[in-house]
Amino acid sequence: MTHSDSQAPRSGGARTVRVPADRAGQRLDNFLLGQLKGAPRSLVYKLVRSGQVRVNGGRAKAERKLEDGDEIRIPPVRLEDPAQRGSPAKGLLAAVEAAIVFEDARLLALNKPVGLASHGGSGISFGAIETLRALRPDATLELVHRLDRDTSGLLLVAKKRSALTELQALMRTDDGIAKRYLALLVGRMPDGRMSVDAPLHVGLRQGGERHVQVNAAGKPSLSHFKVLERRGGHSWCEVRIATGRTHQIRVHARHIGHPVAGDDKYGDADANRRLRERAGMRRMCLHAASLEFALDQGRAPYVLHTPLPPDLATVLDALT
């Protein structure tokens, strides 16, 4: 499928969708991704920016929070039929099946391998969610959140609409879901804990690539960095985030002068080259290590952990 094909109109016209009560509070862009299955995020943003998507007859921003009963005009687009994609490769299916670290009637948690996108789009046919749906063809599976392709670790998937709604509500609060990451930062961070309270603004570059920067016009964003140990002149840190903005840890780390090791987008190219030569680093050193939350209004606690991937452990060992 070419990018132009994905934007070609169907023979039908635009459709209007009324927001159901259980979608109240969802962002417009995420609602559209659910309506336009398989659409790349860049296309969704383009439709919103160009005014082809309307909320109650008016233009709206992608981050607008929807309300029960809002009427969304969705323009006609031609998307690739999922049946035409074929199936994920056997190796990918096996890798994702092996990466499932927790499952119950409501949730599934994946220890997402580095290099695997959370969802397909922009030239990627099968991300984690599409592969899981191929493994569980009779289940209803929806991503609760996303991880960058180059970040490994816990990715949460809802198996029931009620669980998805409750988790999304928790994510909109400051302390609803405790997220803990492990990261190797370039250079020597100050001892103890450093909190970074810096608003982040998401911009789009040519081709729809997202680029995030600290900007007073951005959204409030708070990260807490704590040095666990020193490794070869660099800092092995625990990072806890109070907000879940796009590329938050990576941009905040660069903002304080200690970018995430191996980050090709926001990192230090010279430091990355030295770490590749010295420690065999081949990836961004960022891992989503744990999630803690409770469903059923606090009556059903969940504490999920994933171990450090062997490739990251090898890099750390080489720096001792």
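In this text the structure is predicted, and so the values were computed from the model without any measurement.

J.: Explain helix α2 (residues 28-35) to me, please; I cannot follow it from the model alone.
T.: For the α-helix, the turn length of 3.6 residues means that residues three or four positions removed from each other point alike. Taken together, the buried positions of α2 are Leu28, Asp29, Phe31, Leu32 and Leu33. Packing partners of the buried residues in α2 comprise β1 (15-18), α3 (41-49), β2 (54-55) and β3 (71-74).

J.: Looking at this model, I keep getting lost on the pattern of salt bridges. Mind explaining?
T.: A side chain of one charge can pair with a side chain of the opposite charge when the charged atoms of the two come close. Counted under the stated rule, the structure contains 16 salt bridges. We note a salt bridge from Glu103 to Lys159, for which the minimum N-O separation is 2.9 Å. Here Lys159 lies in the loop between β7 (152-158) and α6 (161-171) and Glu103 lies in strand β4 (residues 100-103), a separation of 56 residues in the sequence. Under the relative-accessibility criterion, Lys159 is labelled partly exposed at 23%. Here Arg230 ties to Asp191 by a salt bridge, and the two come within 2.4 Å at their closest N and O atoms. Here the residue Arg230 occupies a position in strand β12 (residues 222-231), and Asp191 occupies one in the loop between β8 (178-185) and β9 (193-197), the gap between them amounting to 39 residues. On the basis of relative accessibility, which here comes to 65%, the residue Asp191 falls in the exposed class. One connected set of salt bridges, linked through shared partners, spans Glu97, Glu103, Arg136 and Lys159.

J.: Which parts of the structure should I look at to understand the pairing of β7?
T.: Along any regular strand, the residues point their side chains to alternate faces of the sheet. Counting buried positions along β7 yields 7 of 7 residues, so the element is predominantly enclosed. In this structure, strand β5 (residues 107-112) lies alongside β7, joined through 6 bridges in antiparallel fashion. Residue pairing in the sheet places Leu108 in a bridge with Val157 of β7. Here strand β6 (residues 142-143) pairs with β7 via 2 bridges, running antiparallel. Considered in β7, the bridge of Leu143 is made with Val157.

J.: Would you explain the sheet that holds β3 in this entry?
T.: Note: strands within a sheet are paired through backbone hydrogen bonds, in either parallel or antiparallel orientation. Strand order in this open sheet of 3 strands is β1-β3-β2, and the pairing throughout is antiparallel. Sheet topology places β1 and β2 at the edges, where each strand pairs with a single neighbour. Of the strand pairs in this sheet, β2 and β3 are connected by 2 bridges, and their pairing is antiparallel. Residue pairing in the sheet places Arg54 in a bridge with Arg73 of β3. This element, α2, spans β1, β2 and β3 of the sheet and lies at about 60° to β3.

The rules we used
- Residues numbered from 1 in each chain as written.
- Predicted model: local features only at pLDDT ≥ 70, side-chain atom pairs only at ≥ 80, totals over all residues.
- Heavy atoms only, no water.
- Buried < 20%, exposed > 50% of the residue type's maximum accessible area, 1.4 Å probe, protein only.
- Helix = DSSP H or I, 4+ residues; strand = E, 2+ residues; numbered from the N terminus.
- Contact = heavy atoms within 4.5 Å.
- Salt bridge = Lys/Arg side-chain N within 4 Å of Asp/Glu carboxyl O.
- Pairing = 2+ DSSP bridges.
- Axes fitted to C-alpha atoms, helices over the stretch in contact; angles between N-to-C directions.

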